[in-house]
Amino acid sequence: MTDEKKPKKEIKPTKNPMPAQDPMERARNFNEVALGYSEATVIDEAKRCLQCKKEPCRQGCPVEVEIPSFIKLVAEGDFAGAIARIKNKNALPAVCGRVCPQEAQCEKYCTLGKKYEPVGIGRIERFCADWELAHGVKTPEVAPATGKKVAIVGSGPAGLTCAADLAKKGHKVTVFEALHVAGGVLMYGIPEFRLPKAVVQAEVQNLRNLGVEIDVNSVVGKFTTVDELMEDGGFDAVFIGTGAGLPYFMNIPGENSCGVYSANEFLTRTNLMKAYKFPDCDTPIKLGRKVAVLGGGNVAMDAARTALRLGAEESWIVYRRSHEELPARKEEAEHAEEEGVKFALLTSPVEIISNEDGWVTGMKCIKYELGEPDASGRRRPVAIEGSEYLMEVDTVVVAIGQGPNPLVPRTTKGLELTKKGNIVADPETGATSKPGVFAGGDVVTGAATVILAMGAGRTAANSIHEYLSNK
Amino acid sequence: MYKILEKEVFSPIIKQFVIEAPKVAKSCKAGQFIILRINEEGERIPLTIADYDREKGTITIVFQEVGKSTTQLGQMEAGDTIKDFVGPLGEPSHIEKFDGPVVVVGGGVGVAPVHPIARSLKEAGNHVIGIIGARNGDLLFWEGKMREACSELLVTTDDGSYVRKGFVTDVLKEVIEKHGKENIPLVLAIGPQPMMRAVSNLTKEYDLKTIVSLNALMVDGTGMCGCCRVSVGGTTKFVCVDGPEFDAHAVDWLELGRRGGIFRQEEQQAMEHHQCKCGSGCGGAK
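Basis of the calculations
- Numbers given for residues are sequential positions, taken from 1 along each chain in its written order.
- Working convention: letters from A go to chains and numbers from 1 go to ligands, in the order in which they are written.
- Where local features are concerned, this predicted model is filtered to residues with pLDDT of at least 70; where side-chain atom pairs are given and counted, the filter is 80 or more; whole-chain, interface and lining totals use all residues.
- To obtain the side-chain values, all non-hydrogen atoms of the structure were included, while hydrogens and water were left out.
- UniProt positions are given in the numbering used here, feature names are shortened, and annotations may be inferred rather than shown by experiment.
- Secondary structure elements are defined from DSSP: runs of H or I of at least 4 residues count as helices, runs of E of at least 2 residues count as strands, and each element is numbered from the N terminus.
- Any two residues having at least one pair of non-hydrogen atoms within 4.5 Å are treated as being in contact.
- Think of it in three bands: residues with accessible area under 20% of the maximum for their type are buried, residues over 50% are exposed, and the middle band is partly exposed, with areas taken using a 1.4 Å probe on protein chains only.
- The term buried area means the drop in 1.4 Å probe accessible area that two parts suffer when joined, counted for both and summed.
- We define a salt bridge as a side-chain nitrogen of Lys or Arg found within 4 Å of a carboxyl oxygen belonging to Asp or Glu.
- Polar contacts, as used here, are pairs of N or O atoms within 3.5 Å; protein pairs need one atom able to donate a hydrogen and one able to accept it. Residues neighboring in sequence count only if both atoms are side-chain atoms.
- By convention a nonpolar core is built from buried Ala, Val, Leu, Ile, Met, Phe, Trp, Tyr and Cys residues, the set being connected through side-chain atoms within 4.5 Å.
- Domain delimitation follows an automatic or database domain assignment.

## Observations regarding the UniProt feature "binding site: FAD" (unreviewed entry) in chain B
Residue and element names in this part refer to chain B.
- Mapped onto the present numbering, the UniProt feature "binding site: FAD" (unreviewed entry) falls on V62, F63 and Q64.
- Inspection of the secondary structure assignment puts V62 in strand 6 (residues 58-64).
- Once residues within four sequence positions are removed from consideration, V62 is found in contact with F10, I14, K15, Q16, A50, V109, A112, F141 and W142.
- Given the relative accessible area of 25%, Q64 is considered partly exposed.
- Not counting the four nearest positions on each side in its chain, Q64 is found in contact with I13, I14, T70 and V109.

Given below as structure tokens:
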């Protein structure tokens, strides 16, 4: 046997780099930063995959995409086969290929990653999804109609995934969306330069092709309630995926000054309402010369990078811990830095100062140092006494997190909530305390990632299907 | 798409639309608002509901042309369609049977949103004293509708060109003096910010409970963006979900006024951009 041993495959130690717009150029436009692999590159990258039998990458994926098998098809040049394989498990591959934190999920478990850089799974997934969008999307098969009706509240990643899965199983699905366009945070939150809105709408169209009805301009909790949907609307089950759409503020003096935005407002004006095209689009956004974004997560990075594109001379991340503790994806923080975003670390404002007309002129900040690790395992920032100083800024964006929007939880009878107002749902099933009502995504977990919300949507869809089958 | 069924022009800048919006009409209550978007490029415009017909499935809005978007809206005609129309938003007015006459005050275009509240208060068994006013007689509308919605109606114009001369606050003061401040359980006022603030200042002297409906800048209108935040009694509130009605005496009027003017320059720029499109002074109609 020994003489039959296969010659050892030569492995490229590094991922094929993602072609991207030049940082200095892209920092001033809203076009997508990452340009995507070519066919030759994607095949080369796919060939790096070891095709391990144990498929460790799949355990890192919240929706368990059949990773090695789709990559094998890519390596063979069968892109149609590959995207079909991806879509067995993932209803939004063009989105996930762009915004999933792969380094903490599939790629984290890649065997190749133990010695070299892991396979660029996300980049390959993105290529396949874009290839399909360019070559015509095939609508998956839909099971025969079951006669059951399901209402999905919210059309973000959780709702869209849940809707797609249920529609494929033959249920009649209606998605209710409060805004004038479907997509939730994918439309209002994540910037165009990271996730083009045309890509989101193409994925939404795929859902419509499955027979999913999407009712925009429909605020559940206002024009109707979850109870009414079930009692009078004829819906057999409801999935709540209303996300984390309630902006937190610092609660420091001066926060209502002119020139202080929540990240939600700042990004919604820019992304959803296209304020960067003002006055061709009617919604304005007003920016000063120097912008401070409070917070260190992905949303903060998005806001800081958006500020540059809107014409700010300086865009600062102001974060009270150090670089190491930034909650943002490493790649996002790097992109921000490359583009010229500056970082004021171990710093936090205690007051926002405004002029006599109420406009922001600066922030009184205090310096921090890192102490002992706290409950989150990160070293706790401790304020340094007497370190206050004035940071001159004329625009402030508060990006310190979001809570669950209360409109639906507050108006649904018998729904158990946490102290923070999140809906209590069984992580295994998505079931809430109310029979027939399921929930998932940020409204349950608090602000998290797109893919986790999609995983929750998938879990709930399976339980809803089971619930309806036994009903 | 939402069809404009009827259009009425009250003055060159004040117009009324009846819009087909059955979902909103079915569930809306007095005091709530809608957000509309004219077209794909449009901004989201919040407007308080002026009337509704549940059977016909219609919502009535009355608006004043103040900027590019409302001017563009005013140029639309019956039969045209509006791209987006969402509601009802905000909390409904608190309606109960009060002990003593309640006073509702509508100034300028504020007469429209005050109307369904006056009607609901009257339907709840209250004696409703209505006060409506405008800069001049030409700008006054819905006198007949208000007379029906209220138990008694007092009309005034700033310049005295119709009925009498005086601000709504002058009339309000007379009403308070006549009935006695201890006998009036509630004053509710809707109109331009300076008017509401003037009402608030007046009733504060009398320590008379006063509710105002605030018109802050908004984007989504569902509590998501916080653009509409206002300090009320030292706490930050969102006009879109906590309001639009608040205790007038607790509102930070200075902050509200400043935040309302954040985009003044941009509004001007939008208006110029809109008007210059054809160069014929069409106001963008072509």
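Having seen it, we continue.
## Comments concerning the UniProt feature "binding site: [2Fe-2S] cluster" (unreviewed entry) in chain B
- UniProt tags C225(B), C228(B) and C240(B) as "binding site: [2Fe-2S] cluster" (unreviewed entry). Spanning 16 residues, the named residues nonetheless gather at one spot, since no C-alpha pair among them exceeds 9.8 Å.
- Considering the arrangement of structural elements, one finds C225(B) in the loop between strand 13 (210-213) and strand 14 (229-232).
- Here C225(B) is in contact with P247(A), S262(A), N264(A), E265(A), V219(B) and D220(B), once residues within four sequence places are set aside.
- Within the secondary structure layout, C240(B) lies in helix 7 (residues 239-242).

## Looking at the UniProt feature "domain: FAD/NAD(P)-binding" (unreviewed entry) in chain A
- In this structure's numbering, the residues bearing the UniProt feature "domain: FAD/NAD(P)-binding" (unreviewed entry) are residues 148-457 of chain A.
- The distance from the first to the last C-alpha atom of residues 148-457 of chain A is 18 Å, and the span holds 27% helix and 24% strand.

## Focus on the interface of chain B and chain A
- On the chain A side, the residues contacting the 45 residues of chain B number 42 residues.
- Each partner contributes to the roughly 3,700 Å² buried at the junction of chain B and chain A, and carbon and sulfur atoms together form 54% of this total.
- Looking only at chain B, the three residues that lose the most surface to chain A are K23(B), M224(B) and R229(B), adding up to 18% of its buried area.
- One can count three salt bridges joining chain B with chain A.
- A salt bridge links K68(B) to D282(A), with the nearest nitrogen and oxygen atoms 2.5 Å apart.
- Applying the counting criterion to the chain B and chain A interface returns 24 residue pairs in polar contact (both at pLDDT 80 or more).
- Among the elements of the structure, helix 1 (22-27), helix 2 (68-74), strand 8 (84-89), strand 14, strand 15 (235-238), helix 8 (253-260) and helix 9 (264-275) of chain B are those that each provide at least two residues to the side of chain B that touches chain A.

## Points about the nonpolar core
- I67(A), F70(A), I71(A), V74(A), I124(A), I152(A) and I464(A) are the most contacted members of the largest nonpolar core, which totals 79 residues.
- With eight residues, the single largest contributor to this core is helix 17 (residues 450-470) of chain A.
- Both domains that meet at this core, namely domain 1 (23-135) and domain 2 (149-245 + 403-470) of chain A, each give it at least three residues.
- Residues contacting I152(A), with those up to four places away along its chain left out, are G159(A), C162(A), A163(A), L166(A), V173(A), T174(A), V175(A), F176(A) and F239(A).
- Among the nonpolar cores identified, the runner-up in size contains 56 residues, and I35(B), L89(B), V175(B) and I176(B) belong to it.

## Some points on the side chain of D302(A)
All names here are of chain A.
- In this structure, D302 sits in helix 13 (residues 298-309).
- Residue classification places D302 among the buried residues on the basis of a relative accessible area of 3%.
- Ignoring any residue separated from it by four or fewer positions in sequence, one finds D302 in contact with G189, I190, P191, F193, R194 and L267.

## What to know about the pattern of salt bridges
Residue and element names in this part refer to chain A.
- Counted by the stated rule, this structure contains 40 salt bridges over all chains.
- Between D44 and K12 there is a salt bridge, with its nearest N and O atoms 2.8 Å apart. In this pair, D44 is assigned in helix 2 (residues 39-46) and K12 in the segment before helix 1 (23-26), connecting sequence segments 32 residues apart.
- Note on D44: relative accessible area 30%, which makes it partly exposed.

## Things to note about the domain arrangement of chain A
All names here are of chain A.
- What the domain assignment reports for chain A is domain 1 (23-135), domain 2 (149-245 + 403-470) and domain 3 (249-400).
- Each of domain 1 and domain 3 has a C-alpha centre, and these two points are 32 Å apart.
- Contacts between the two partners involve 14 residues from domain 1, matched on the other side by 16 residues from domain 3.
- Both faces combined, the contact of domain 1 with domain 3 buries some 1,200 Å², and carbon together with sulfur accounts for 50% of it.
- The largest per-residue losses of area from domain 1 upon contact with domain 3 belong to R26, R28 and F30, which jointly make up 51% of the total buried on that side.
- Applying the counting rule to domain 1 against domain 3 returns three salt bridges.
- The residue E339 makes a salt bridge to R26 at a minimum N-O spacing of 2.6 Å.
- On the surface where domain 1 and domain 3 come into contact, there are 10 residue pairs in polar contact (both at pLDDT 80 or more).
- Mapped by element, the contributors of at least two residues to the side of domain 1 that touches domain 3 are helix 1 and helix 6 (93-99).

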